[in-house]
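Residue-level listing of the chains:
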Amino acid sequence: MESVLKIGSAADRYPALVGSGLLEQLGTCTRKHLTRQRCAIISDANVAPLFGEHAKQSLMAAGFQPTLIMIPAGETSKTLEQAGGICDQMIAAGLDRQSFVIGLGGGVIGDISGFVAAIFLRGIPHVQIPTTLLAMVDSSIGGKTGVNTRDGKNLLGAIHHPVLVIDDVDVLKTLPHREFNQGFAEIIKHAIIADAEMFMALRDVDPENLAPLIHRNIELKSKIVAKDERDRTGERALLNFGHTVGHAIERAGNYRKFLHGEAISLGIIAACDVSMKKAGLPRDQGDAIANLLRQFDLPTQLPKDFPRESIFKALPYDKKFESGKIRFVVTSTIGSAKLSSDVTLEDIREAIARL
């Protein structure tokens, strides 16, 4: 059974397919939306051996001419240098303005493949095939693409919406436990900022029937994105709940200590700490959030020897600091969130110290 959602604004709408067995139908699904022939499948050393050949065969059966490009797995591959190397391989393979890019992998692949699609010959279409729960419910939706720099995450990028998102829930069966669970950090974040009912339901989630949960999270994120597509009014910024501190933790750990979702889990705890102080979040709700994160084996405390000062030093490089001012997302009750202008660096420092 497959569900189809239409995402985006009236001017830029694209479908997201959620269901089983979709990777086998990749060529057929893509042909409905693209008449072009040549494409690059960008994947990584973890995902390409599992699904790269299947994807190529399905595309070739539908008349496409795919080139598989594999990069090393992990956040450290998300660089401008790596993006340039991918573009060089695409040029060498004969791709042109009538070609398109497929991102086959988790959030890192989705971000860098989308960035490459945005800059290659000033922009060609992008198809997202997320292979992690986190990418399915979050990073594949909304058109944000980018690479990291020495100073922070996603500081170089572009808004470049995909033409198609394909979520095959069967691929999630191949994920290691830790990789699978990190997706629930973003799901819990969505529940905190927009869906109290889903928050309650997550206590009894069925891991064998994730399609409805993925569908719901795509709905939630796409509605928020549609209100503020280019991150201008503050509506889309609500999706950054937990990310200000979370991204700083990732950077302080050199993108190796924590997976993205694990760092966001810690960032959510810090955001709840600030929310209790500045927005009146009841302590029992803060405790319920921490308990739900722990249910999915997500961290709620930093190791004692983790360099907390490095987290604090990384904060000013975050994109959510504008003209030196902090745009910090707080929640006063589970199911809603808002941007606050009265959160200070000292508030954040205290929250980090308590992690």
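Residues numbered from 1 in each chain as written. Predicted model: local features only at pLDDT ≥ 70, side-chain atom pairs only at ≥ 80, totals over all residues. Heavy atoms only, no water.

Quick look at the overall build of the protein
Broken down by element type, the protein carries 13 helices and 13 strands. Here the C-alpha atoms of the protein give a radius of gyration of 20 Å, agreeing with the 20 Å that 2.2 N^0.38 yields for 355 residues. Taking the principal axes of the C-alpha coordinates as reference, the protein spans close to 60 × 40 × 40 Å. Looking at the protein as a whole, 57% of its 355 residues qualify as buried. The contacts in the protein between residues at least 6 apart in sequence include a share of 75% that link residues at least 24 apart. For the protein, the computed accessible surface area is about 14900 Å², with 50% contributed by carbon and sulfur atoms. Here the protein contributes 41 positive and 41 negative side-chain charges, whose respective centroids are spaced 5 Å apart. (Helix = DSSP H or I, 4+ residues; strand = E, 2+ residues; numbered from the N terminus. Rg over C-alpha atoms; globule rule 2.2 N^0.38 Å. Buried < 20%, exposed > 50% of the residue type's maximum accessible area, 1.4 Å probe, protein only. Contact = heavy atoms within 4.5 Å. Areas by Shrake-Rupley, 256 points an atom, 1.4 Å probe, with all protein chains shown as cover. Lys, Arg positive; Asp, Glu negative; His and termini not counted. Charge placed at Lys NZ, Arg CZ, Asp CG, Glu CD.)

Things to note about unusual backbone geometry
Its identity as a non-glycine residue notwithstanding, R122 has a phi of 70°, on the positive side. Along the chain, the position of R122 falls in the loop between α4 (107-119) and β6 (126-130). Given a relative accessible area of 76%, R122 falls into the exposed group.

Remarks on the packing of aromatic side chains
Scanning the model with the defined rule gives four aromatic pairs in all. Judged by centre distance (5.5 Å) and plane angle (75°), the rings of F64 and F100 are edge-to-face. With a gap of 36 residues between them, F64 in the loop between α2 (48-61) and β4 (65-71) and F100 in strand β5 (residues 100-105) connect regions that are remote in the sequence. On the basis of relative accessibility, which here comes to 3%, the residue F64 falls in the buried class. Geometrically, the ring pair formed by F184 and F296 is stacked, given 4.0 Å between the ring centres and 5° between the ring planes. In this pair, F184 is assigned in helix α6 (residues 177-194) and F296 in the loop between α11 (283-295) and α12 (308-314), connecting sequence segments 112 residues apart. For the pair formed by F184 and F296, the shared burial category is buried. (Phe/Tyr/Trp six-rings, centres within 6.5 Å; stacked < 30°, edge-to-face > 60°.)

What about the nonpolar core?
Counting residues in hydrophobic clusters, the biggest one holds 94 residues, and the most contacted among them are F184, F199, L202, I214, I249 and I311. With nine residues, helix α10 (residues 260-278) is the largest single contributor of residues to this core. I69, A83, V116 and I124 belong to the second largest nonpolar core, which has 18 residues in total. (Core = buried A, V, L, I, M, F, W, Y, C linked by side-chain atoms within 4.5 Å.)

Details of the environment of S332
Examined against the element boundaries, S332 turns out to sit in the loop between β12 (328-330) and β13 (338-340). Distance from S332 to I192, taken between C-alpha atoms, is 9.8 Å for residues 140 residues apart in sequence. When residues no more than four places from it in sequence are discounted, the contact partners of S332 are A279, G280, L281 and P282.

Side note on α11
Helix length check: α11 (13 residues) gives 18 Å between terminal C-alpha atoms against 18 Å at 1.5 Å per residue, within 8%. Three or more residues of α11 are buried, namely Q285, G286, A288, I289, A290, L292 and L293. On its buried face, α11 sits against α6, α7 (196-201) and α10. Where α11 ends, the next residue or the one after it, D297, has phi of about 55°, a positive value. (Expected span 1.5 Å × (residues − 1).)

Brief notes about the pairing of strand β3 (residues 38-44)
For β3, the tally of buried residues reaches six of seven residues, placing the bulk of the element in the interior. Pairing of β3 with β4 involves seven bridges; the strand directions are parallel. Pairing of I41 across the sheet is with L68, part of β4. The handedness of the β3 to β4 crossover, carried by α2, is right-handed. Of the pairings in the sheet, the one linking β3 to β5 comprises four bridges and is parallel in character. Across the sheet, A40 pairs through a bridge with V101, a residue of β5. (Pairing = 2+ DSSP bridges. Right-handed = clockwise from strand over helix to strand, strands pointing away.)

Here we look at the packing of α10 against α11
When two helices pack together, their arrangement is given by the angle between the helix axes and the distance between those axes. It is the contact of α10 with α11, at a shortest axis distance of 10 Å, that shows an interaxial angle of 175°. With respect to α11, the element α10 is oriented roughly antiparallel. Between α10, through S265, I268, I269, C272 and M276, and α11, the contact on the second element is made entirely by R283, G286, I289, A290 and L293. Here the residues of the contact of α10 with α11 are counted per class, giving seven nonpolar, two polar and one charged. (Axes fitted to C-alpha atoms, helices over the stretch in contact; angles between N-to-C directions. Parallel < 35°, antiparallel > 145°, perpendicular 65-115°, else oblique. Nonpolar A, V, L, I, M, F, W, Y, C, P; charged D, E, K, R; others polar.)

Details of a nonpolar patch on the surface
Residues L80, L155 and L156 make up a contiguous nonpolar surface patch of roughly 220 Å² in combined accessible area. Tracing the backbone through its elements, the reader meets L156 in strand β8 (residues 152-159). Assessed through its relative accessible area of 33%, L156 is described here as partly exposed. (Patch = residues over 30% accessible without salt bridge, like charges linked within 9 Å, V, L, I, M, F, W, Y side chains within 5 Å. Salt bridge = Lys/Arg side-chain N within 4 Å of Asp/Glu carboxyl O.)

A short note on the environment of K153
If you trace the backbone, K153 turns up in strand β8. Distance in space between the C-alpha atoms of K153 and L298 is 21 Å, their sequence separation being 145 residues. For K153, the side chain forms a polar contact with the side chain of E250, separated by 3.2 Å. (Polar contact = N/O pair within 3.5 Å; in protein donor to acceptor, adjacent residues only side chain to side chain.)

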